[in-house]
Amino acid sequence: MGYIVEMGEIYLAGNYKREKLAFVKGSGTRLFTEDGEEYLDFTSGIAVCNLGHANQELIKELNTQAELLWHTSNLYYVSPQAKLAKKLVELSFAEKVFFANSGAEAIEAGLKLARRWAYENFGKEKNQFIALENSFHGRTYGALSVTGQPKYWEGFEPLLPGIIFIPPNDKKALSASFNEKVCAIILEPIQGEGGVYPLDKEFVELAKELCQKYNALLIFDEVQTGIGRTGKLFAYEHFGVEPDIMCLAKALANGLPLSAMLAKEKVMSAFKPGTHASTFGGNPLACAVALKVLEIVSNPSFLKEVDLKGRILKEKLEKIRKERPDLIKEVRGLGLLIGIEFNISAEKIYQKLLEKKILVTQPKPNVIRLSPPLIITYREIDFFMETFKEIITVL
Ligand SMILES: Cc1ncc(COP(=O)(O)O)c(C=O)c1O
């Protein structure tokens, strides 16, 4: 065990289940340990480093901004933040942007905005949220309260009241759950932490329809699916349904802490001076990097490549599933967010991949999630598949 791991075990809070691995350097799709061992990263730091590690174009933007200005607070306007808001508006359904630092904070902002908007327009009785079972929205109290996985609640209750949970893709339950007191429904277009489960188009369409009927807002949590991960800049584009509020984080600044909550002006106008805030939110360094991230990722040819790589990877996995239905139950996902569900525990496969120096994540005991940097090469996809095949032939 290396020195960094040893030190971490002594001094860091024990809330994470970490591998006994410490990375000290990254480059593209590769990570290097303190002993100089090289790993192929099929996690992107949980869908964050979409443009790879130590991306030179991003480093340039970061260094330029670091020489200019780090922080002034949101008492003033700062150039990269205003430019980034403009860019996000140009690229999405939204008209206004609020910046924060993490996914959970963007969700908190979205939930607060929905309640405030409902309060201003319809009164304080309209305060309920509909959320999905098996969802994941983060660990702060609001985000945790709409997270439909009771294992995350244990020991932390009471949570926020007024949340109605329904099973994903259950249109009957969706219709039954709506009433005049609902201010918003929150959905992940693909349940990432829940095991990579995409929502059905008809379910999302019905959610939008019901929101319009009951004067409620549709919140898309695109913390994991946004910024090109699914082969479109935002996953909502796959559904042909625009949300009223969208939350982004993770890949927005490729690893610098930054999140955003986007909405139309008529909704965001409920946020008046003093209603919500963040000291660090939209800090100039992260915003400068995010501007470059968006410039690269929003290029149609870049997104086309992501879509193609995702299709190829999924097709190859699907072929193996057909050969080994005893072992692999389902391959699902969009773009480069793919889940492989096994009929057995995925632990052994995860460990074998780790031994072969390939990093993946295991969001559920029987699911392996692949979320490589979007710059992954076709050759690296082939290498992954060869290794994967080799591992599963002995199972
Ligand atoms: C869909 C979704 N929402 C919210 C979050 C919370 O983000 P953060 O960990 O940055 O607070 C996550 C994190 O995995 C996520 O996947």
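In every chain, residue numbers begin from 1 and rise along the written sequence. Per-residue local features of the predicted model are confined to residues with pLDDT of at least 70, and side-chain atom pairs are confined, for both listing and counting, to 80 or more; whole-chain, interface and lining totals are unaffected and use all residues. Hydrogens and waters are ignored; side-chain quantities use all the structure's heavy atoms.

If you look the protein chain up in an unreviewed UniProt entry, it shows as Acetylornithine aminotransferase from Thermodesulfobacterium geofontis. UniProt positions are given in the numbering used here, feature names are shortened, and annotations may be inferred rather than shown by experiment. Under the UniProt heading Pathway (unreviewed entry), the entry covering the protein chain gives this text: "Amino-acid biosynthesis; L-arginine biosynthesis; N(2)-acetyl-L-ornithine from L-glutamate: step 4/4." UniProt lists a comment for the protein chain under the heading Sequence similarities (unreviewed entry), and it reads "Belongs to the class-III pyridoxal-phosphate-dependent aminotransferase family. ArgD subfamily."

J.: How should I be thinking about the overall build of the protein chain in this particular structure?
T.: Regarding its fold elements, the protein chain presents 14 helices and 17 strands. Here the protein chain holds 395 residues, and 55% of them are scored as buried. In this analysis, two residues are considered to be in contact whenever any of their non-hydrogen atoms come within 4.5 Å of each other. Considering only contacts within the protein chain whose residues lie at least 6 apart along the sequence, 71% involve residues at least 24 apart. Carbon together with sulfur atoms contributes 54% to the accessible area of the protein chain, which is approximately 18,200 Å² in total. Numbering of helices and strands runs from the N terminus; a helix is a DSSP stretch of H or I covering at least four residues, while a strand is a stretch of E covering at least two. Only protein chains enter the calculation, and the probe is 1.4 Å; a residue is then buried if its accessible area is under 20% of its type maximum, exposed if over 50%, and partly exposed in between. We get accessible surface area from the Shrake-Rupley algorithm with a probe of 1.4 Å; when it comes to residues, only the shown protein chains can shield them.

J.: Help me understand the site of the ligand in this model?
T.: Close contacts around the ligand come from Ser102, Gly103, Ala104, Phe136, His137, Gly138, Glu188, Glu193, Asp221, Val223, Gln224 and Lys250, and that covers them all. Here glutamine 224 contributes a side-chain N or O atom positioned 2.8 Å from an oxygen atom of the ligand. Protein coverage of the free-state accessible area of the ligand, which is 390 Å², stands at 80%. When residues are grouped by polarity, Ala, Val, Leu, Ile, Met, Phe, Trp, Tyr, Cys and Pro land in nonpolar, Asp, Glu, Lys and Arg in charged, and all others, Gly among them, in polar. Of the residues in the shell around the ligand, the class split is three nonpolar, five polar and four charged. Residues are classed as near a molecule or strand on a simple rule: at least one heavy atom within 4 Å of it. Counting of polar contacts relies on pairs of N or O atoms within 3.5 Å, with two restrictions inside protein: one atom must be capable of donating a hydrogen and the other of accepting it, and residues adjacent in sequence are counted only when both atoms are side-chain atoms.

J.: Honestly, helix H12 (residues 300–323) in this entry has me stumped. Any pointers?
T.: What sets the pattern is the α-helix's 3.6 residues per turn: residues three or four places apart point alike. With 24 residues, H12 extends 35 Å from end C-alpha to end C-alpha; this agrees with the ideal 34 Å at 1.5 Å per step. Three or more residues of H12 are buried, namely Phe302, Leu303, Val306, Lys309, Gly310, Leu313, Leu317, Ile320 and Arg321. Looking at the buried side of H12, the elements it contacts are helix H11 (284–297), strand E13 (328–334), strand E14 (337–342), strand E17 (367–370) and helix H14 (378–393). Capping the start of H12, asparagine 299 holds a side-chain oxygen 3.0 Å from the backbone nitrogen of serine 301, two or three residues further along. In this analysis, the expected span of each helix is defined as 1.5 Å times one less than the number of residues it contains.

J.: Is there a simple way to think about the nonpolar core in this case?
T.: The nonpolar side chains of soluble globular proteins are, as a tendency, buried together. For this analysis, a nonpolar core means a set of buried residues of the types Ala, Val, Leu, Ile, Met, Phe, Trp, Tyr and Cys, connected via side-chain atoms within 4.5 Å. Leu88, Phe178, Leu313, Leu370, Phe384 and Phe388 are the most contacted members of the largest nonpolar core, which totals 86 residues. Among the elements that take part in this core, H11 stands out by supplying nine residues, more than any other. In this structure, phenylalanine 388 is in contact with Leu317, Ile320, Ile328, Ile340, Phe342 and Ile349, ignoring residues within four places of it in sequence. Ala118, Ala143, Ile163 and Val267 belong to the second-largest nonpolar core, a separate cluster that totals 31 residues.

J.: Can you help me understand the sheet that holds strand E15 (residues 358–359) in this one?
T.: Note on sheets: strands pair through backbone hydrogen bonds, and any given pair is parallel or antiparallel. With respect to topology, four strands assemble into an open sheet ordered E1-E2-E3-E15, the strand pairing being mixed. Of all the strands in the sheet, the pair left with one neighbour each is strand E1 (23–27) and E15. Paired strands, in this sense, are two strands between which DSSP finds at least two bridges. As paired strands, strand E3 (residues 38–41) and E15 are joined by two bridges and run parallel to one another. The partner of leucine 40 across the bridge, within E15, is isoleucine 358.

J.: In this structure, what is going on with the pairing of E14? I would like to understand it.
T.: Two faces make up the sheet, and in a regular strand the side chains alternate between them. In terms of burial, E14 is a largely internal element, six of the six residues being buried. With burial as the criterion, each face of E14 is covered, one bearing Leu337, Gly339 and Glu341 and the other bearing Ile338, Ile340 and Phe342. In this sheet, E14 lies alongside E13 in antiparallel orientation, the contact comprising six bridges. Looking across to E14, one finds that glycine 333 is bridged to isoleucine 338. Count of turn residues in the E13/E14 antiparallel hairpin: two residues, of which glycine 335 carries a positive phi of about 55°. Relative to E17, E14 is paired through four bridges, and the arrangement is antiparallel. Paired with glutamate 341 across the bridge in E17 is valine 367.

J.: So what exactly am I meant to see when it comes to the pattern of salt bridges here?
T.: Close approach of charged atoms allows side chains of opposite charge to pair. Should a side-chain nitrogen of Lys or Arg be within 4 Å of a carboxyl oxygen of Asp or Glu, the pair is scored as a salt bridge. For the structure on display, the rule yields 22 salt bridges. We note a salt bridge from glutamate 380 to arginine 30, for which the minimum N-O separation is 2.9 Å. Note that glutamate 380 is positioned in helix H14 and arginine 30 in strand E2 (residues 30–33), a separation of 350 residues in sequence. The salt bridge partner of aspartate 382 is lysine 316, with a shortest N-O separation of 3.2 Å. In this pair, aspartate 382 is assigned in helix H14 and lysine 316 in helix H12, connecting sequence segments 66 residues apart. Judged by relative accessible area, aspartate 382 falls into the partly exposed class, the value being 32%. Linked through salt bridges whose partners overlap, the residues forming this network are Lys329, Glu330, Arg332 and Glu341.

J.: Is there a simple way to explain unusual backbone geometry in this structure?
T.: Keep in mind that most residues, glycine aside, have a negative phi and that most peptide bonds are trans. The omega torsion across glutamate 157 and proline 158 is 10°, close enough to zero to call that bond cis. Mapped onto the elements, proline 158 comes out in the loop between helix H6 (141–145) and strand E6 (163–166). With phi around 60°, isoleucine 46 is a residue other than glycine that occupies positive phi space. Checked against the element boundaries, isoleucine 46 lands in helix H2 (residues 44–47). One non-glycine residue with positive phi stands out, namely asparagine 254, at about 55°. Look at asparagine 254 and you get buried, because its relative accessible area is 10%.

J.: Can you help me understand the UniProt feature "modified residue: N6-(pyridoxal phosphate)lysine" (unreviewed entry) in the protein chain in this one?
T.: Those residues carrying the UniProt feature "modified residue: N6-(pyridoxal phosphate)lysine" (unreviewed entry) are Lys250 in this numbering. Mapped onto the elements of the fold, lysine 250 is located in the loop between strand E11 (245–248) and strand E12 (259–263). Accessibility expressed as a relative area gives 23% for lysine 250, which makes it partly exposed. Not counting the four nearest positions on each side in its chain, lysine 250 is found in contact with Ile46, Ala47, Val48, Val223, Gln224, Gly255 and Leu258. Within the local environment of lysine 250, its side chain forms a polar contact with the backbone oxygen of isoleucine 46, the two atoms lying 3.2 Å apart.

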